[in-house]
Amino acid sequence: MAAQLALVYFAWVRDRIGVGDERIDHPGADCTIAQLLDRLAAGSAGHAAAFEDRARLRAALDQEYVPLDSVIGDARELAIFPPVTGG
Amino acid sequence: MIRVAVQAEGFDPAVELAALEALGGGGIASFTGIVRADGGLSALHLDHYPAMTLAQMEKVAAQAAARWPLLGLTVIHRFGTLAVGERIVFVGTASESRIPALEACAFLIDWLKVAAPFWKREVRPDGSGDWVEAKAVDDGRAARWS
């Protein structure tokens with residue numbers, strides 16, 4: 001079975017996409033997060049709306065913050081969300 | 001003593017402060033964050049990333065413990081729907097004297113704001129409400145510690 005990548009979304013990213021998580025075939029270790037977002041945005045209006053303004057997106061690979069130009073490597077979970085607003 | 005908690009239920013700052021006072025230091029500092037009634041909102045809803053939140057908070061706590069001579073620190077952050085006036089977050093520090101306690105307390109809340117994966121949504125009386133936008137000033141507050 002091909003490796004999978006779990007995608008998880010929070011706040012308005014989740015609202016625009018319409019789901020909090022989904023699983024896709026792993027795009028490969030060399031694929032960057034930004035490249036994957038381009039591919040997902042091309043496939044659905046919700047993803048396109050969520051990923052429209054990259055400056056407002058943050059990411060985590062396997063629960064560690066990373067820049068959007070990071071390669072996905074062998075990570076199993078990619079989270080996409082707006083800048084955090086806790087505290 | 002390092003106590004870090006992510007929870008839906010409330011907390012009692014008096015209980016948390018008493019536990020820090022019992023450590024025998026000469027200085028205790030604390031910060032409590034409360035839901036404000038900004039722009040007619042009735043509550044805040046706090047979303048978070050369960051698999052990541054506690055680990056990020058523990059990382060910030062460990063940084064504070066490594067940087068200041070603390071006898072103890074407590075960090076509690078709530079999630080879920082919190083009405084105006086409810087407590088959201090608590091940071092408490094205990095040290096031999098005031099300066100490490102005060103500085104570590106400010107460091108902890110400044111870093112929690114930019115490192116802990118929480119997102120606030122305003123809840124108005126009719127149920128509508130927008131996600132709160134992050135503020136550049138918060139990044140600046142955290143960065144001044146590095």
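These notes cover the structure that comes with them. Being a predicted model, the structure only gives us computed values, none of them experimental.

What counts and what doesn't
- Residues numbered from 1 in each chain as written.
- Chains lettered and ligands numbered in written order.
- Predicted model: local features only at pLDDT ≥ 70, side-chain atom pairs only at ≥ 80, totals over all residues.
- Helix = DSSP H or I, 4+ residues; strand = E, 2+ residues; numbered from the N terminus.
- Buried ≥ 20, exposed ≤ 12 C-beta atoms within 10 Å, placed from the backbone.
- Contact = placed C-beta atoms within 7 Å.
- Axes fitted to C-alpha atoms, helices over the stretch in contact; angles between N-to-C directions.
- Parallel < 35°, antiparallel > 145°, perpendicular 65-115°, else oblique.
- Left-handed = near helix turned anticlockwise from the far one by under 90°.
- Nonpolar A, V, L, I, M, F, W, Y, C, P; charged D, E, K, R; others polar.
- Core = buried A, V, L, I, M, F, W, Y, C linked by C-beta atoms within 7 Å.
- Arc of directions from axis to C-beta.
- Pairing = 2+ DSSP bridges.

## Here we look at the overall build of chain B
- In terms of regular secondary structure, chain B is built from four helices and seven strands.
- Listed N to C, the secondary structure of chain B is β-α-β-β-α-β-β-β-α-β-α in terms of helices and strands.
- Taking the principal axes of its C-alpha atoms as reference, chain B extends roughly 50 × 30 × 30 Å.
- Here chain B, with 146 residues, has 38% of them falling under the buried criterion.
- For chain B, long-range pairs separated by at least 24 residues make up 77% of all intrachain contacts whose partners lie at least 6 apart in sequence.

## What to know about the overall build of chain A
- Scanning chain A from terminus to terminus reveals three helices and five strands.
- Ordered by position from the N terminus, the helices and strands of chain A form the series β-α-β-α-α-β-β-β.
- Dimensions of chain A, computed from the C-alpha atoms along their principal axes, are close to 35 × 30 × 20 Å.
- Classification of the 87 residues of chain A by burial places 30% in the buried group.

## Regarding the packing of helix α2 (residues 50–67) of chain B against helix α3 (residues 98–115) of chain B
Residue and element names in this part refer to chain B.
- Interaxial distance between α2 and α3 falls to 10 Å at its minimum, and their mutual angle equals 155°. When the axes of α2 and α3 are compared, the pair comes out roughly antiparallel. Seen from above, α2 lies across α3 with right-handed handedness. Judged by residue contacts, Q56, M57, V60 and A64 of α2 engage A104, F107, L108, W111, L112 and A115 from α3.
- By residue class, the composition of the contact of α2 with α3 is nine nonpolar, one polar and no charged.

## With respect to the nonpolar core
- Counting residues in each nonpolar core, the largest one holds 58 residues, and the members touching the most others are A:A79, B:L108 and B:L112.
- If you tally residues by element for this core, the top one is α3(B), at nine residues.
- Contacts of B:L108, omitting those with residues within four sequence positions, involve B:V60, B:A64, B:L73, B:V75 and B:V91.

## Some points on helix α2 (residues 33–43) of chain A
Residue and element names in this part refer to chain A.
- Here α2 has its buried residues at I33, L36, L37 and L40. Buried residues of α2, viewed axially, fall in a sector of 100°; they line one side.
- Of the surrounding elements, those touching the buried residues of α2 are α3 (45–50), β3 (58–61) and β5 (77–81).

## A closer look at unusual backbone geometry
Residue and element names in this part refer to chain A.
- Positive phi is not limited to glycine here, since A11 has a value of about 55°.
- Residue placement: A11 occurs in helix α1 (residues 11–17).
- Looking at A11, the number of C-beta atoms within 10 Å reads 22, which means it is buried.
- The backbone of D62 shows a phi angle near 45°, a positive value even though the residue is not glycine.

## Let's talk about the sheet that holds strand β3 (residues 43–48) of chain B
Residue and element names in this part refer to chain B.
- Pairing is antiparallel across the open sheet formed by three strands, whose spatial order is β5-β3-β7. Only two strands of the sheet have a single neighbouring strand rather than two, namely β5 (80–83) and β7 (118–123). Between one strand and the next, the sheet's axes are offset by a mean angle of 25°, whatever the strand orientation.
- Taken together, the six bridges between β3 and β7 define a ladder with antiparallel strand orientation. Residue pairing in the sheet places D47 in a bridge with W119 of β7.

## Here we look at the interface of chain B and chain A
- With 21 residues of chain B at the contact, the number on the chain A side is 13 residues.
- If you list the elements that add at least two residues to the side of chain B that touches chain A, you get β3, α2, α3 and β7 of chain B.
- Grouping the amino acids of the side of chain B that touches chain A by side-chain chemistry returns 16 nonpolar, two polar and three charged.

## Looking at the sheet that holds strand β2 (residues 21–25) of chain A
Residue and element names in this part refer to chain A.
- Sheet architecture is open: five strands sit in the order β2-β1-β5-β3-β4, paired in mixed fashion. Because the sheet does not close on itself, it has two edges, and the strands there are β2 and β4 (64–66). Strand-to-strand twist in this sheet, taken as the mean axis angle between neighbours without regard to direction, amounts to 30°.
- In this sheet, β5 lies alongside strand β1 (residues 4–9) in parallel orientation, the contact comprising four bridges. Paired with V8 across the bridge in β5 is A79.

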